[in-house]
Every structure is written in C-alpha cells, then in structure tokens.
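Working through the structure, step by step
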Amino acid sequence: MRLLAENPELTQRELAEALGISLGATNYCLRALIDKGLVKAENFRKSHRKRAYLYTLTPSGIAEKLRVTRAFLARKQAEYEAIERKIEQLRQELQEEGRP
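Bear in mind that the values here come from a model prediction, so they are computed numbers and not experimental data.

All right, on to the layout of surface pockets then. Approximately 230 Å³ is the volume attributed to the largest pocket. Lining the largest pocket are Met1, Arg2, Glu64, Lys65, Val68, Thr69 and Phe72. Counting residues per element, the lining of the largest pocket draws most heavily on helix α4 (residues 59–96), which supplies five residues. Tallied by class, residues from the lining of the largest pocket come to three nonpolar, one polar and three charged.

The structure is reproduced here in structure tokens:
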C-alpha cells in the first residue's frame, strides 16, 4: 500500500517487479484491495498506454495503511527492546565471569 501511495501511476507489471511477486499475484492482491474499498483504480487518461490505471488509496486505505504501519512499528519496537535486554543480560554474565 505504501508503494501505491507513493507511486499511483505504477502499472501492475511494475508493481509486481518492485514487490518481487508474480503479475497474477499482484492482480489478485490489487483486486482484493479494490474490493475491500482500500484502493481505487481510475483510468489514467494522460498516459500513452491505452489501458493505464491510476491506483489511489481511498480514505479507508489510508487509515488501514496507518494501522498496519503502527502495528509494524510496535512489533519492531518490542523486538528492539527484547534485543537490548538480551545484550544487557549477556554483558552482566560476562562481568560476573570477570570479563569486560
């Protein structure tokens, strides 16, 4: 969704390449996002391509993108804090063994 928000003029083929997935999978995912009302596909009339579309996030799509981003950040923050605790635990173990 972030890629579409930043580049609404991407074709499905360009989107598939950028995401590293098949064109069919890209089409399937886009249709699902459109069906859920998160993305809107409009004809991109100023394009030299006859069947070009402009994929834009709907207000619901923007809200969902924010929700997913917040959840991702919270998960990464928790992972970071767990790593910090593990590092501190290992440092303490080394100090107890007489190592700096």
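The discussion continues.
The next thing to look at is the nonpolar core. If you look at the biggest cluster of nonpolar residues, it comprises nine residues: Leu4, Leu10, Leu15, Leu30, Leu33, Leu38, Val39, Tyr55 and Leu57. Secondary structure elements with two or more residues in this core: α3 (23–35) and β2 (53–57). Sequence-distant contacts of Leu30, defined by excluding residues within four places in its chain, comprise Leu4, Gln12, Leu15 and Tyr55.

Below, the discussion takes up the pattern of salt bridges. This model, assessed by the stated rule, comprises two salt bridges. Linking Glu64 and Arg67 is a salt bridge whose minimum nitrogen-to-oxygen distance equals 2.7 Å. You can see Glu64 and its partner Arg67 sitting in helix α4, three residues apart, about one turn around the helix. Ionic pairing is found between Glu79 and Lys76, a salt bridge with its closest N-O pair at 3.1 Å. Residue Glu79 and its partner Lys76 are located together in helix α4, separated by three residues, close to a single helical turn.

This next bit is on the packing of aromatic side chains. How two aromatic rings sit relative to each other is given by the distance of their centres and the angle of their planes. As enumerated under the stated definition, the model contains one aromatic pair in all. Relative to Tyr55, the ring of Tyr53 lies with its centre 6.3 Å away and its plane at 40 degrees, an arrangement referred to as tilted. Given the relative accessible area of 35%, Tyr53 is considered partly exposed. Take Tyr55: its relative accessible area is 5%, and that puts it in the buried class.

The interhelical angle for the contact between helix α2 (residues 12–19) and α3, taken along N-to-C directions, is 105 degrees, at an axis separation of 9 Å. Compared by their axis directions, α2 and α3 come out roughly perpendicular. Of the residues in α3, those touching α2 at Gln12, Arg13, Leu15 and Ala16 are Leu23, Thr26, Asn27 and Leu30. Taken together, the residues of the contact of α2 with α3 sort by class into four nonpolar, three polar and one charged.

Thresholds applied
- In this convention, every chain numbers its residues from 1, walking through the sequence in written order.
- Note on the predicted model: pLDDT of at least 70 is required for a residue's local features to be given, and 80 or more for side-chain atom pairs to be given and counted; whole-chain, interface and lining totals, by contrast, use all residues.
- Side-chain metrics rest on all non-hydrogen atoms present in the structure, leaving aside hydrogens and water.
- Points on a 1 Å grid over protein atoms alone make up a cavity when a 1.4 Å probe fits among them but cannot get out, and a pocket when they form an open set with protein on both sides within 12 Å along at least five of seven lines; lining residues each have an atom within 4 Å of a point.
- Grid points are joined across faces, edges and corners, and a volume is the space filled by probe spheres set on the points.
- Think of it this way: any DSSP run of H or I at least four residues long counts as a helix, any run of E at least two long counts as a strand, and we number them from the N terminus.
- Residue type decides the class: Asp, Glu, Lys and Arg count as charged, Ala, Val, Leu, Ile, Met, Phe, Trp, Tyr, Cys and Pro as nonpolar, and the leftover types, Gly among them, as polar.
- Remark: nonpolar core denotes a set of buried residues (Ala, Val, Leu, Ile, Met, Phe, Trp, Tyr, Cys) joined through side-chain atoms within 4.5 Å.
- Only protein chains enter the calculation, and the probe is 1.4 Å; a residue is then buried if its accessible area is under 20% of its type maximum, exposed if over 50%, and partly exposed in between.
- Contacts: residue pairs with any heavy atoms within 4.5 Å of one another.
- In what follows, salt bridge is the name for a side-chain nitrogen of Lys or Arg lying within 4 Å of a carboxyl oxygen of Asp or Glu.
- Stacked, edge-to-face and tilted are the three classes for Phe, Tyr and Trp ring pairs, Trp counted by its six-membered ring, which pair at centre distances within 6.5 Å; planes under 30 degrees apart are stacked, over 60 edge-to-face, the rest tilted.
- Helix axes are fitted to C-alpha atoms over the stretch in contact, other axes to C-alpha atoms as well, and angles between N-to-C directions run from 0 to 180 degrees.
- Just so you know how the angles are binned, under 35 degrees is roughly parallel, over 145 roughly antiparallel, 65 to 115 roughly perpendicular, and the rest oblique.

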